[in-house]
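Residue strings, one per chain:
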Amino acid sequence: MLRAGSSGPRVLSSLLARSCVDAKLVPMQSRGMMGGGSMGGALRRGEAWAAAAGLASLSPFRARAAARMCVLAAQLGAEGSAPADVPSTSTSTAPAAPAAPSSSLPLSSTVGGGAIRAGSGYKLPPPEIAAIVDAPAQPALSYSPDRKLFLQLDRPPSLPPIYEMARPELKLGGVRLDPDLYARSKMSYYTGISIVPSTEVVPAAADKCHHVAGYPPGSWLNYVSWSPDGTKIAFTVRSPGGPGDPPRRPLELWLADPATGACRPALPPPPPGAAPLGLPYTALNTVFDDYAWLDDNTLVAAVLPAGLAPPPAKPPLPPGPKIQDNTARKKAQGRTWPDLLKDEYDVALWEHYGTSELLRLDTASGEAVVIGPPRMYIEVDPSPDGKYLLVTWLERPWSTALPAGRFPRRTQLWNRDGGLVRELAALPLAEDIPIAFNSCRPGPRGISWRDDAPSEIYWIEAQDGGDPAVEVSPRDVVFGLRADAAAADGAAAPRRIAQTDLRCGGVAWCDGDLAILFESWYKSRRSVWWRFSPDRPEQPKTVIYDRNYEDVYGDPGSPLTRRTQWGTYAIARISPDPATLAALQAAAADTEAAAAAAEAAAAAAAPSAGSGSSDAEAASASAGNDTSKEGGASNGTSAAPAAAAAPKRVTRAGLASGLGTWLLMSGSGASPEGNKPFLDLFHLESGETHRLWQSQPPYYETSGSIMSDTDPAQPLTLEGLSMMFGRESASDPPQTYLRTLTDAGRSWQERQVTNFPHPYPQLRELQREVLRYPRSDGVMLTATMYTPPGYDPKAHGPLPCIVWAYPREFKTKEAAGQMRRSPHQFTSIGSTSPTLWLARGYAVLDGPTLPIVADVQEESEGSTTAGPAPEPNDTFIEQLTDSARSAVTEVVKRGVADPARVSVGGHSYGAFMTANLVAHAPDLFAAGIARTGAYNRTLTPFGFQNEERTLWQAPDVYNRMSPFMAADKISKPLLLVHGEDDNNPGTFPLQSERFYQALKGHGAACRLVLLPHEGHGYRAYESIMHCLYEQDQWIERYAGYGRLDPGYVTEDSAGPDGSASE
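Predicted model, so just to flag it, every value in this text is computed and none were measured.

**Side note on helix 7 (residues 578-604)**
Phase 1 of the analysis: Spanning 27 residues, helix 7 covers 39 Å between terminal C-alpha atoms, matching the ideal 39 Å at 1.5 Å per step.
Phase 2 of the analysis: Taken residue by residue, helix 7 has Thr580, Ala583, Leu584, Ala587, Ala588 and Thr591 as its buried positions.
Phase 3 of the analysis: Where the residues of helix 7 are buried, they touch strand 33 (662-667), strand 34 (678-683) and strand 35 (689-694).
Phase 4 of the analysis: For helix 7, the N-terminal capping position is held by aspartate 577, with its side-chain oxygen 3.2 Å away from the main-chain nitrogen of alanine 579.

Shown next, in the form of structure tokens:
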């Protein structure tokens, strides 16, 4: 039955029990159920903000570029019988009867269902859920470069109204655009900027805030940044476009003075007769890029071209048929890309909205000069010293089969005046990139600036054509080119500075003597870190780590970074100081004492025969692991590295010598007892580590950015080092603190930076426990069990329980069974989190691990084993149901979950999981909730999630994993929810629509809710609230307390006029 129109979600419901379906009615059930509606929709959160001016930990990619670059790369999506102590649930689809525990847990009797606005089909969930979701948002903060001030950025309510999601939107080349703003659609924003001394606590009191003022009142603000010297703040303004507001127009750039808070438009008005779109101001085009600082007083911005005419009108008639052709027999496999160009009109819109020109602005004089003619610029990246620009743009031919990330592109090196210095890359249309992991685009990739140099470019080039199936050594080469040399000599050749035999993931820079090169290989889960000298590439590189990246227990962490003289961030070297050296020498003495004790114990024991051979084997192993010379194994399928050894202890010749390179390593500290983040002092030459700090119960603490690096010329020492730290507990939300270390890091002074209120005090006393339990094959599993405040299983009895999960693939059982969470972390409740139902009296089993394991080690070199190695998905159903059974058994055994009232749910790949579980483990669950999933894997024939094989290579796997193929086996009620504009590859709304038809065609109790204007994740207030209402009523009806809304209209509860019946 079709419910609600454009004023609310579309709801299709089939709640008749299987046994009541007459076969003659089946043709009628599917008739007229495919309503209209646009495909697509975007989930874009706008800009991401760092809480401090630096990185908490170093990624292989450059933080400065990553924070500002337009991401155009193709997205791959991200997408038995019951044991004795788990009684099988009934196969009936009748609503669950309320079950009174032995001594009732206090429960609300509310049911929700109130209309969000008059005449709307959107409904509110019960008030105890709505109150948590609608909690006010807390401000963000951004430190000034000298750390003396920060910006307190006011956020709007976290859920925008549906009218914002319903704004006009263009879907072109895999990109979603706002045609009014010449920007990405559905951006988030700030509502105000306050300048606050860094000694204040956030949220700062009103009398401590100096507000930026002078821009149009009520404007929405985006793209906020400090100038390199901290004397200016740049930001953009735009109209909300609500009733009584000015019309929505492209973003305008403004500048503010931190000393006074006064602000003004940054760009001069366009000359008469050249105003783009007739605008009275020079407007930005932020579809791909926005602006960047060249130096303290100069920035470069992407603006609408002078004289830009209105967008092209749609032709009244189609110019002709739409044709795709492959008579050339090219082999081009790809995922199911959304929002592609369709015809020449789309191409005209694409070129109109994507084209900008580059303007260089002197912020002191106001002089603006065009340095880049109109093109489809996607990235403009100034060199650290501001003398040069790396400029990349897209160009024809466009494609109707590929997203923009694969369109032809050109990258050039310019001087700051726009003069061409060198063309670096001219890449053709990338239509033949293999679908296998570790594939990449041929030609130069990752073109960027070194963070530790004023103006040196580096990039990576694949030697295998981007195809991991090609055996070659080296596989990737890293090149470098100094911009000054290229400007002086047009024939200057790039330097070959490093190479890898696995796929290169990037470089982390420190200085001319030190950089870290990253390479990895998906098939073996192998990750190798190399040390090399970028200014002396002829010197051999040496291994820092060679490990299995799935092994979180052996994760050594990542090096911290510091600010450079150019405002970039490079690996932080730590200089010895007397207090630290004394502490290290004491640690070395402890090492010597431990070694002497071990030697004495060994001498007292019987001599071990073959001890000499052990030495020989160790020497041989050491030699075998020495891959520092160039040109080692040509692929990543050699034997996987052994489990990481225990950290090396401090010795007098190593870390305690004060010689060599000291780094600070920050990591998650995963262990069988849970995550305990740490901060280590690491000696690069010997591999020795000295633990400076580690999180301890009852808190969960994390180390963050270095804050005492404001003078790049001053060396960093542990004594007096200032760092950000985060702290939270099971009952207290995360807060940030500034610590200044003393006594070799053994003590510190601490100042609180944030003091955010508890976001949901009504659940402050919720109970949280991390569970560990085995699967039948011995794999250890983990889950977080939540129960409501005040709950006692002995007094209150078992509760209805919601299981919410997301399966993941692993290479080995050992990695799959590792603990990856902490019992001391705060419970963050998102707007669609299952933990919202704690307020309704439910138990929640959140994130039970459902590992899908290949259970084989990669074959060693020289192996004669025939045939392909097993893949995780070969036994997907068996492992999924086994894991789910173990999870349900555990919570039932603890007396927390009522086995007759356990429901299961998930989002995206978790929705796919849910559908499979209700199909293949119906005895475990009373009902399911599947949000925005894919259910028919034949519709994603060239791979999905972590599956690299195609449908034609593994047809049985695709069919067995598809719950669509098991629709005739699904007997438990299943709620399907989908964003009607989902643009995630593989999870098009068609997946849910066809699955619903299949379920209804077999008489299953099911319901489909399509949320207009929503993408893969839901954002609008109305959409979120209605989704929660639907979930609450579904669970209450089939696996809960039976608190039903009389207005919850279903096919078996509606009167002839569609109204609810008694």
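**What about the environment of valine 888?**
Phase 1 of the analysis: Positionally, valine 888 belongs in helix 11 (residues 876-893).
Phase 2 of the analysis: The sequence separation of valine 888 and phenylalanine 925 amounts to 37 residues, and the corresponding C-alpha distance is 8.9 Å.

**A closer look at the packing of helix 11 against helix 12 (residues 909-920)**
Phase 1 of the analysis: Taken N-terminus to C-terminus, the directions of helix 11 and helix 12 make an angle of 85°; their axes are 10 Å apart at the nearest point. Compared by their axis directions, helix 11 and helix 12 come out roughly perpendicular. Contacts between helix 11 and helix 12 pair Phe876, Ile877, Leu880, Thr881 and Ala884 from the former with Tyr909, Phe912, Met913, Asn916, Leu917 and His920 from the latter.
Phase 2 of the analysis: Of the residues belonging to the contact of helix 11 with helix 12, the class tally is eight nonpolar, three polar and no charged.

**Structural notes on unusual backbone geometry**
Among all residues save glycine, negative phi is the norm, and among peptide bonds the norm is trans.
Phase 1 of the analysis: Following valine 202, the chain continues into proline 203 via a peptide bond in cis, with omega recorded as 0°.
Phase 2 of the analysis: Mapped onto the elements of the fold, proline 203 is located in the loop between strand 8 (192-197) and strand 9 (210-211).
Phase 3 of the analysis: If you check the backbone angles, tyrosine 223 has positive phi at about 50° while not being a glycine.
Phase 4 of the analysis: Although it is not a glycine, aspartate 743 adopts a positive phi angle of roughly 50°.
Phase 5 of the analysis: Mapping aspartate 743 onto the fold places it in the loop between strand 39 (735-742) and strand 40 (747-752).

**Things to note about the sheet that holds strand 5 (residues 170-172)**
Phase 1 of the analysis: Spatially, three strands are ordered 5-6-7 in an open sheet, and the strand pairing comes out antiparallel. On the outer flanks of this sheet lie strand 5 and strand 7 (183-184), each paired with one strand and no other.
Phase 2 of the analysis: With three bridges joining them, strand 5 and strand 6 (residues 175-178) adopt antiparallel strand pairing. Note on strand 6: the bridge partner recorded for leucine 172 is valine 175.
Phase 3 of the analysis: Sheet strands in contact with helix 5 (residues 344-354) are strand 5 and strand 6, and its direction is about 100° off that of strand 5.

**Describing the sheet that holds strand 14 (residues 291-295)**
The strands making up a sheet associate through hydrogen bonds between their backbones, and the pairing can be parallel or antiparallel.
Phase 1 of the analysis: Spatially, 14-15-16-17-18-19-20 is the arrangement adopted by the seven strands of the open sheet, whose pairing is antiparallel. Taken across any chain shown, the strands that pair with only one partner, and hence form the sheet edges, are strand 14 and strand 20 (420-427). Neighbouring strand axes in the sheet, compared pairwise and without regard to direction, differ in orientation by 35° on average.
Phase 2 of the analysis: Sheet topology note: the strand 16 (residues 356-362)/strand 17 (residues 368-382) ladder contains five bridges and is antiparallel. Paired with leucine 358 across the strands is glycine 372, a residue of strand 17.
Phase 3 of the analysis: Helix-sheet contacts for helix 5 involve strand 16, strand 17 and strand 18 (388-394), and the interaxial angle to strand 17 is about 120°.

**Thoughts on the pattern of salt bridges**
Phase 1 of the analysis: In total, this model carries 57 salt bridges according to the counting rule given.
Phase 2 of the analysis: Salt-bridge contacts for glutamate 592 lead to arginine 652; the nearest nitrogen and oxygen are separated by 2.7 Å. Placement of glutamate 592 in helix 7 and of arginine 652 in the loop between helix 8 (611-624) and strand 33 is noted, with a sequence separation of 60 residues between them.
Phase 3 of the analysis: On the basis of relative accessible area, arginine 652 is assigned to the partly exposed category, the value being 45%.

Conventions we followed
Residues numbered from 1 in each chain as written. Predicted model: local features only at pLDDT ≥ 70, side-chain atom pairs only at ≥ 80, totals over all residues. Heavy atoms only, no water. Helix = DSSP H or I, 4+ residues; strand = E, 2+ residues; numbered from the N terminus. Expected span 1.5 Å × (residues − 1). Buried < 20%, exposed > 50% of the residue type's maximum accessible area, 1.4 Å probe, protein only. Contact = heavy atoms within 4.5 Å. Polar contact = N/O pair within 3.5 Å; in protein donor to acceptor, adjacent residues only side chain to side chain. Axes fitted to C-alpha atoms, helices over the stretch in contact; angles between N-to-C directions. Parallel < 35°, antiparallel > 145°, perpendicular 65-115°, else oblique. Nonpolar A, V, L, I, M, F, W, Y, C, P; charged D, E, K, R; others polar. Pairing = 2+ DSSP bridges. Salt bridge = Lys/Arg side-chain N within 4 Å of Asp/Glu carboxyl O.

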